[in-house]
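# Summary of the model geometry
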There are 2 protein chains.
Amino acid sequence: MDEQNTIERCDYIHAHEDIIAKVNENMPDEEILYDLAELFKIFGDSTRIKILYVLFESEMCVCDIAQLLNMTQSAISHQLRALKQSKLVKYRREGKTVFYSLADDHVRSILDQGMEHVAE
Amino acid sequence: MDEQNTIERCDYIHAHEDIIAKVNENMPDEEILYDLAELFKIFGDSTRIKILYVLFESEMCVCDIAQLLNMTQSAISHQLRALKQSKLVKYRREGKTVFYSLADDHVRSILDQGMEHVAE
DNA sequence: ATAACATATGAACAATAGCTCATTTGTTTT
DNA sequence: AAAACAAATGAGCTATTGTTCATATGTTAT
């Protein structure tokens, strides 16, 4: 009750009441925004982006990806785990080999949207 | 010439020649992929995502955003700088006040694509 | 010019992330 | 069962990042 807002505030808020109401109305839940940020974090690393581009062509095993990107098996495996946890890639095992592939079309559309912005 | 590839390799590469050729053909330049990752890094923080959602409703000054998100002016200003550098927001000065707004429609489409994936 | 306000910025610190190295797990072959 | 191979994992190290705090810059009003 007597807890004070310690954040500095400007003398008067510029935004009108209706705007503020709309912001609060349309702002997704904290949890969703957190998840969204986590998802984009995954795209925020060029190694992972390269892996995704490789998988655009075909499913591929860890070692092949490592060779194509000239990186260690361990580094690729760690990154594939992140991609897996975000449900951006899926995998199937075939003997000793594990083949990874893109989970769905979102990967492509998200990267394409980003590309459009970067290309400008 | 005598520089050796120190990366471990599997006994045989699974991917066929034509696949490897296509990967190398369709893989964007290193520099582009770096820029792309940098762009997604910007989306990879929930504070910045919140700022963008706020700006969906209306242009807004730094202090208003800070109040809406209950954060310090400094923190918001720092993040707005990142958004500005990535050309995701633009600004105009009106006296002491600086109003920020979304730079273009890419912001919305990128966030929407991400949302689609998260919502699953 | 001075005071007041809005914003920007730099240094510092804690938390996070990506890579390497060593090792483990899972599978196949002998 | 043992050896060999592919992949996964954990610890450790360095680099990066988001916030805070203090201060500087830019603009307006007195």
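Anything mentioned here points back to the structure above.
Residues numbered from 1 in each chain as written. Chains lettered and ligands numbered in written order. Predicted model: local features only at pLDDT ≥ 70, side-chain atom pairs only at ≥ 80, totals over all residues. Heavy atoms only, no water.

## Quick notes on the packing of aromatic side chains
Spelled out, the test is: Planes of paired rings set the category: under 30 degrees apart is stacked, over 60 is edge-to-face and the rest tilted, where pairs are Phe, Tyr or Trp rings (Trp by its six-membered ring) whose centres lie within 6.5 Å. Put simply, DSSP marks the helices as runs of H or I at least four residues long and the strands as runs of E at least two long, and each gets a number from the N terminus on. Exposed residues in this analysis have more than 50% of their type's maximum accessible area, buried residues have under 20%, and partly exposed residues fall in between, with area computed by a 1.4 Å probe over protein chains only. A ring has a charge above it when a Lys NZ or an Arg CZ is no more than 6 Å from the ring centre and no more than 35 degrees off the ring normal.
Following the criterion strictly, the structure yields seven aromatic pairs over all chains and no others. Here the aromatic rings of A:Phe40 and B:Phe40 are separated by 6.1 Å at their centres, their planes lie at 10°, and the arrangement is stacked. On the criterion of chain membership, the pair formed by A:Phe40 in helix H2 (residues 30-43) and B:Phe40 in helix H2 (residues 30-43) is interchain, its members lying in two chains. Judged by its relative accessible area of 0%, A:Phe40 falls in the buried class. Three or more aromatic residues joined by ring pairs make a cluster, and in this case those are A:Phe40, A:Phe43, B:Phe40 and B:Phe43. Here the guanidinium or amino end of B:Lys84 rests over the ring plane of B:Tyr91, the centre of that ring lying 4.9 Å away. A cation sits over an aromatic face here: B:Arg108 above B:Phe56, 3.9 Å from the ring centre.

## Notes on the protein's contact with DNA strand C
Put simply, the test is: Distances are taken per atom, and a residue is near a molecule or strand as soon as one of its heavy atoms is within 4 Å of it. Identification of polar contacts relies on pairs of N or O atoms within 3.5 Å, with a donor-acceptor requirement for protein atoms, meaning one able to donate a hydrogen and the other able to accept it, and with residues adjacent in sequence counted only if both atoms are side-chain atoms. Each residue gets one of three labels, nonpolar for Ala, Val, Leu, Ile, Met, Phe, Trp, Tyr, Cys and Pro, charged for Asp, Glu, Lys and Arg, and polar for the others, Gly among them.
Taken together, the neighbourhood of DNA strand C is formed by 26 residues, with A:Arg48, A:Ser74, A:Gln79, B:Ser74 and B:Tyr100 sitting nearest. When the atoms of DNA strand C within 4 Å of the protein are sorted by group, sugar and phosphate make up 66%. Between DNA strand C and the protein, one listed contact pairs a phosphate oxygen with a side-chain N or O atom of B:Tyr100 at 2.5 Å. Only helix H3 (46-57) and helix H5 (73-85) of chain A together with helix H4 (62-69), helix H5 (73-85) and strand E3 (97-102) of chain B provide two or more residues apiece to the surface near DNA strand C. In the surface near DNA strand C, the residues fall into eight nonpolar, eleven polar and seven charged.

## A look at the nonpolar core
So the rule is basically this: Here the nonpolar core consists of buried residues drawn from Ala, Val, Leu, Ile, Met, Phe, Trp, Tyr and Cys, with membership extended through side-chain atoms lying within 4.5 Å. Every residue pair with non-hydrogen atoms within 4.5 Å of one another is taken to be in contact.
Counting residues in each nonpolar core, the largest one holds 77 residues, and the members touching the most others are A:Leu111 and B:Leu111. Those residues in contact with B:Leu111 that lie beyond four places of it in its chain are A:Leu36, A:Phe40, B:Phe43, B:Ile49, B:Leu52, B:Tyr53 and B:Phe56.

## Things to note about the pairing of strand E2 (residues 89-94) of chain B
Side-chain positions along a regular strand alternate between the two faces of the sheet. All names here are of chain B. We apply this condition: Here, strands pair whenever DSSP counts at least two bridges between them.
Relative to E3, E2 runs antiparallel, the two being bridged by six bridges. Residue Lys-90 lies in a different strand from E3, and its bridge partner there is Ser-101. Between the end of E2 and the start of E3, which pair antiparallel, lie two residues, with Gly-95 showing a positive phi angle near 65°.

## With respect to the protein's contact with DNA strand D
In the region of DNA strand D, 27 residues are neighbours, and A:Tyr100, B:Thr47, B:Arg48, B:Ser74 and B:Gln79 sit closest. Taken together, the sugar and phosphate atoms account for 67% of what DNA strand D places within 4 Å of the protein. Between A:Cys63 and DNA strand D, the recorded distance is 2.9 Å, taken from a backbone N or O atom to a phosphate oxygen. Taken together, the elements giving at least two residues each to the surface near DNA strand D come down to helix H4 (62-69), H5 and strand E3 (97-102) of chain A together with helix H3 (46-57) and H5 of chain B. Ranked by the residues each element gives to the surface near DNA strand D, the list is headed by H5(A), at five residues. Here the surface near DNA strand D is composed, by residue class, of eight nonpolar, eleven polar and eight charged.

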